[in-house]
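Spelled out from the first residue to the last, the chains are:
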Amino acid sequence: MENKIGFIGLGNMGQPMVKNLIKAGYKVKVYNRTPNKASEVVAAGAEQVNRPCDVVTPDGIVVTMVSNDQALEELIFGSDGIGEKLGKNGIHLSMSTVAPDTSRKIAEFQKEKGSFYIASPVFGRPDAAAAQKLWILSSGNKEARERVKPVQESMGQRVFDLGDEPGNANVVKLGGNFMIMAAMEAMAEAFNLAEKNGMDRQTVAEVYSSTLFNCTVYNGYGAMIAKKMFEPAGFQLALGLKDCNLVLDEANSTKTPMPLGNLLHNRLLSSAAKGRGNLDWSALTKMANEEAGLE
């Protein structure tokens, strides 16, 4: 086992992921733009460094878990970035939710440098990350995919192999996030219908999540939407808007009509304009509640 890993990005997801790597026996060097966020993982055994490039072990593996495309590109192409440092056969395991074209761009750059890029976004909230229950997507060079698989398995419950095209994992991730948003909107409308008919929305949510929709999304978000409780944020609404923009950008570039995507974008955009960007992204359903006179 390659036991030295670099890790960049210690937000709500990154911290539990690092802790699981340490539990699996990896020696982890970490970098975060806000240094004090590293305190917990350092206490767990990680080594903190001062620059992104300092997490790199020559020909080793670096994991990134950052908030958006711009942050990821800065880590690759910036003066202290990892792009020039990975070396021949080094691997960048990118677990952020970014545009497929961003993955393709970085993969081509790293190929020119003799290193590899694996797109590996995840499904799961911080509690799933802490419990090593993430579902992990993976696409890129086949040999590199095989090499990073033990690292991925240390952070999740299953790895889905999506082939050689670097952008594939990002397409599937964006599609999944779109489906989560659509489910949240559907739940809000159904719960509102029940409430307008004099029923307790939490009871109705339990009916649905125990029968027709007994799955992670309906069980997890259903309770939040039924209670109209959107804090603390496991995934901020502002990031949901970012992802919805990526979905529609990809839809436009491939001429894929997504009328429901446009509705969800309007929900998220209006919510952000109302100052709700720091709430959980399930707060997009407050718009449906307001339209029904229930907020």
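Above this note sits the structure.
Here's what I pulled together on the structure shown here. Since this is a predicted model, take the numbers as computed values, not measurements. (Residues numbered from 1 in each chain as written. Predicted model: local features only at pLDDT ≥ 70, side-chain atom pairs only at ≥ 80, totals over all residues. Heavy atoms only, no water.)

A word on the overall build of the protein chain
Step number 1: Check the secondary structure of the protein chain and you find 12 helices and 9 strands.
Step number 2: Partitioning the intrachain contacts of the protein chain with sequence separation of at least 6 by distance along the chain shows that 66% fall at a separation of at least 24.
Step number 3: The averaged location of the 33 negative side-chain charges in the protein chain is 3 Å from the averaged location of its 32 positive side-chain charges. (Helix = DSSP H or I, 4+ residues; strand = E, 2+ residues; numbered from the N terminus. Contact = heavy atoms within 4.5 Å. Lys, Arg positive; Asp, Glu negative; His and termini not counted. Charge placed at Lys NZ, Arg CZ, Asp CG, Glu CD.)

With respect to unusual backbone geometry
Step number 1: The linkage connecting glutamate 231 with the following residue, proline 232, adopts the cis geometry, with an omega of -5°.
Step number 2: In this structure, proline 232 sits in the loop between α9 (216–227) and α10 (237–253).
Step number 3: Despite not being glycine, aspartate 59 shows a phi value in the positive range, around 65°.
Step number 4: With respect to the helices and strands, aspartate 59 occurs in the loop between β3 (47–48) and β4 (61–64).
Step number 5: Judged by relative accessible area, which is 38%, aspartate 59 ranks as partly exposed.
Step number 6: Positioned with a positive phi, lysine 255 is a non-glycine residue whose angle comes to about 55°.
Step number 7: For lysine 255, the location among the structural elements is in the loop between α10 and α11 (259–273).
Step number 8: Owing to a relative accessible area of 74%, lysine 255 belongs among the exposed residues under this scheme. (Buried < 20%, exposed > 50% of the residue type's maximum accessible area, 1.4 Å probe, protein only.)

A closer look at the pattern of salt bridges
A side chain with one charge can pair with a side chain of the opposite charge if their charged atoms come near.
Step number 1: In this structure the tally under the stated criterion is 17 salt bridges.
Step number 2: With its nearest N and O atoms 3.7 Å apart, the salt bridge here joins aspartate 80 to arginine 51. You can see aspartate 80 sitting in the loop between α3 (69–77) and β5 (91–94) and its partner arginine 51 sitting in the loop between β3 and β4, a full 29 residues away along the chain.
Step number 3: Using a relative accessible area of 32% as the deciding quantity, one classes aspartate 80 as partly exposed.
Step number 4: Of the residues examined, arginine 51 reaches a relative accessible area of 37% and is grouped as partly exposed.
Step number 5: Through salt bridges with shared partners, one network takes in Arg51, Asp54 and Asp80. (Salt bridge = Lys/Arg side-chain N within 4 Å of Asp/Glu carboxyl O.)

What to know about the environment of valine 151
Step number 1: Along the chain, valine 151 turns up in helix α6 (residues 142–153).
Step number 2: As for valine 151 and leucine 93, which are separated by 58 residues in sequence, their C-alpha atoms are 9.4 Å apart.
Step number 3: When near neighbours in sequence (up to four residues on either side) are disregarded, valine 151 contacts Ile5, Leu21, Tyr26, Ile61, Val63 and Leu93.

Quick look at the packing of aromatic side chains
Step number 1: In total, this model carries 5 aromatic pairs according to the counting rule given.
Step number 2: Relative to tryptophan 281, the ring of tyrosine 221 has its centre 6.2 Å away and its plane inclined at 75°; by these criteria the two rings are edge-to-face. Residue tyrosine 221 is located in helix α9, and its partner tryptophan 281 is located in the loop between α11 and α12 (286–291); the two are separated by 60 residues in the primary sequence.
Step number 3: Between phenylalanine 235 and tryptophan 281 the ring centres are 4.9 Å apart and the planes differ by 75°, which places this aromatic pair in the edge-to-face class. With phenylalanine 235 in the loop between α9 and α10 and tryptophan 281 in the loop between α11 and α12, this pair connects stretches of sequence that are 46 residues apart.
Step number 4: Since its relative accessible area comes to 23%, phenylalanine 235 is described here as partly exposed.
Step number 5: On the basis of relative accessible area, tryptophan 281 is assigned to the buried category, the value being 2%.
Step number 6: Taken together, Tyr221, Phe235 and Trp281 form an aromatic cluster joined through their ring pairs. (Phe/Tyr/Trp six-rings, centres within 6.5 Å; stacked < 30°, edge-to-face > 60°.)

Quick look at the side chain of asparagine 170
Step number 1: For asparagine 170, the position within the fold is in helix α7 (residues 168–196).
Step number 2: Excluding residues that lie within four positions of it along the chain, asparagine 170 makes contacts with Ser96, Val98, Ala99, Pro100, Ser103, Ala119 and Pro121.

Observations concerning α7
Step number 1: Spanning 29 residues, α7 covers 42 Å between terminal C-alpha atoms, matching the ideal 42 Å at 1.5 Å per step.
Step number 2: Within two residues after α7, glycine 198 carries a phi angle of roughly 85°, on the positive side. (Expected span 1.5 Å × (residues − 1).)

Concerning the environment of glutamate 290
Step number 1: In this fold, glutamate 290 is placed in helix α12.
Step number 2: Here glutamate 290 falls in the partly exposed class, since its relative accessible area comes to 28%.
Step number 3: In the structure, glutamate 290 is positioned 178 residues away from glutamate 112 in sequence and 52 Å away in space, judged by C-alpha atoms.
Step number 4: Once residues within four sequence positions are removed from consideration, glutamate 290 is found in contact with Lys274, Arg276 and Glu295.

Shape descriptors only; they carry no functional weight alone.
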